[in-house]
Amino acid sequence: MKSLGKYINSYRKSGDRKWFTLIYQEIMPRIYRFYYFKTMDRELSEDLVSEVFIRVYRNLRKTNLNERSFMVWTYRIANNLLIDNFRKNTGNTEPLESVLDHIKITDEEFFKKNSSLFRKEFSFKNTELLAALSRLTGLQKDVLLLRFVEDMDYNTIAGIFNKSNGTIRGIIFRAMEILRKEMGR
Amino acid sequence: MNKRTIKVIDKCHILIKKGYSIDHCLEKFRDYRQEIKDYFTTAESLNTLRAVRPGKNFSENSLDLIISRAKKRGKITGIKPVHSAVPVRRLVLRPAMIFLLIFMLTVFSFSGTLFASQESIPGEALYPLKRSFENFRLNIYPENLKDGLHLQFLNTRISEADALLEEENNDDAILLEELIIDIDKQYQACKQYNCINSGNENILLDSIDSVKNRYQKKYGNNTQNKDQNKSGQEQDLNGHNGMEQETGKQNSSRQNKGGSNSHQ
């Protein structure tokens, strides 16, 4: 991750494709996971990832971003695209905040039905974990995944969701408690 | 989870980042052993989700497609780029540039006006600015250079009077009268600073005489009428008579000098 800032800077200065490739290789799996745990759909996640990077490619050189603000910017694009997609498919016109919190394409039943599919991708324990995650709100799930899967700090997560550092900490600890209880059942 | 537990877990996070193990943390905060253990076990299981990655085909071939699609698209609107956390350009450079621009505009417009005022004659809007600038120059010039400046101002006054006399405007009489007083004052100042010598004295006096004579010819009748009307008010007339007397003195001194030169 330390080199991401260097890649961004070099790409902004030179426009050389090799730097964009390095940025892509570093960030693309993270954005993919962000979509995948929301949609549990490989194809849709890949489509959305492509759309995010089309926008990043077209705008990155016009920005003045450092490593952290780049992450915030990219995840905001990802979030907005997901909301657009969600609204388009469901006809939902709720405000952005509540849409973010209610995007729950999957539920516990979904995991039970598709457990064999997920077993191929994760261990059995992970399938349990995914089912427990689906009990959280959309925001709680996003924040937890960014913190513990993507290893992001509180400030970056706070930037992505436009919330204070303290709010994000509160969400994380509450969500962890729910998750622990769900997994212990 | 209470506040104290949250603080302990935060401390554990810091210790782990520094390279200590979870066991070290469990040992250090024995009272919270169970909470810490539960928390980090859950965190560890969440961390296993990192194994989720896109398909090999997508990872290898998607970038070419993304770039080609990005190049084909028209202008995208609605995405505002998020700028750096420390927007140096916005906070420092932009106000500095604006200040510099305003400063330069002010300086250029003032110097432009000042430059334009140098060609003005009495009665014009920019003339007071020209005179103020002359006074300013007089104040800042060192004493040994003031002689040249006084001489320059005297010549300027004479040319201004010439310009006014050439104009066919009867309202200029008062202006000319004031200007002739100024010319006399300037002549005296020049004398004080020794900027008048045998080489330029005759030329200057000729020019001053010529201005006064032309003024008399052009406005002589008008001023006499004015004098009659303002019998009690002597200020302008006295000034003018004084000037004539002064000119007379100057002429006689010139004649004397001419005589002495011829004797030599």
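Heads up: the structure comes first, above all this text.
Everything numeric here is computed off the predicted structure, so don't read it as measured data.

Trainee: Now, about the packing of aromatic side chains: what can you tell me, with residues and values included?
Mentor: Taken as a whole and assessed by the stated rule, the structure comprises 14 aromatic pairs over all chains. Summarising the aromatic geometry, the rings of A:Y24 and A:F53 are spaced 4.8 Å apart at their centres and angled 80° between planes, so their arrangement reads as edge-to-face. Separated by 29 residues along the polypeptide, A:Y24 in helix α2 (residues 17–39) and A:F53 in helix α3 (residues 42–59) bring together distant segments of the chain. Owing to a relative accessible area of 2%, A:Y24 belongs among the buried residues under this scheme. Judged by centre distance (5.9 Å) and plane angle (70°), the ring pair of A:Y36 and A:F37 falls under edge-to-face. There is no split in this pair, since A:Y36 and A:F37 are both buried. Among the aromatic residues, those joined into a cluster by ring pairs are A:F148, A:F173, B:Y39 and B:F40. Stacked on the ring of A:Y36, the Lys or Arg A:R42 has its end atom at 5.6 Å from the ring centre.

Trainee: So what's going on with the interface of chain B and chain A? Which residues, and what values?
Mentor: Taken together, the contact between chain B and chain A spans 40 residues of the former and 49 residues of the latter. For the pair chain B and chain A, the summed buried area comes to about 4400 Å², and 64% of that belongs to carbon and sulfur atoms. Viewed at the interface, chain A and chain B are joined by four salt bridges. The set of elements that each furnish at least two residues to the side of chain B that touches chain A consists of α1 (3–17), α3 (33–47) and α4 (56–72) of chain B. It is α4(B) that provides the largest number of residues to the side of chain B that touches chain A, a total of 10 residues. Class assignment for the residues of the side of chain B that touches chain A results in 19 nonpolar, 11 polar and 10 charged.

Trainee: Tell me about the nonpolar core, and please be specific about residues and values.
Mentor: One recurring pattern in soluble globular proteins: nonpolar side chains tend to sit buried together. In terms of nonpolar packing, the biggest core is built from 81 residues, with A:Y35, A:F53, A:L60, A:F70, A:L144, B:I36 and B:L46 touching the most fellow members. Per-element tally for this core: the top contributor is α2(A), with 12 residues. Sequence-distant contacts of A:L144, that is, excluding residues within four places in its chain, are made with A:L133, A:L136, A:V149, A:I172, A:A175, A:M176, A:L179 and B:L46. Of all hydrophobic cores here, the second largest spans 22 residues; its members include B:Y127, B:I158, B:L165 and B:Y215.

Definitions and cut-offs
Residues numbered from 1 in each chain as written. Chains lettered and ligands numbered in written order. Predicted model: local features only at pLDDT ≥ 70, side-chain atom pairs only at ≥ 80, totals over all residues. Heavy atoms only, no water. Phe/Tyr/Trp six-rings, centres within 6.5 Å; stacked < 30°, edge-to-face > 60°. Helix = DSSP H or I, 4+ residues; strand = E, 2+ residues; numbered from the N terminus. Buried < 20%, exposed > 50% of the residue type's maximum accessible area, 1.4 Å probe, protein only. Lys NZ or Arg CZ within 6 Å of the ring centre and 35° of its normal. Contact = heavy atoms within 4.5 Å. Buried area = accessible area lost by both parts, 1.4 Å probe. Salt bridge = Lys/Arg side-chain N within 4 Å of Asp/Glu carboxyl O. Nonpolar A, V, L, I, M, F, W, Y, C, P; charged D, E, K, R; others polar. Core = buried A, V, L, I, M, F, W, Y, C linked by side-chain atoms within 4.5 Å.

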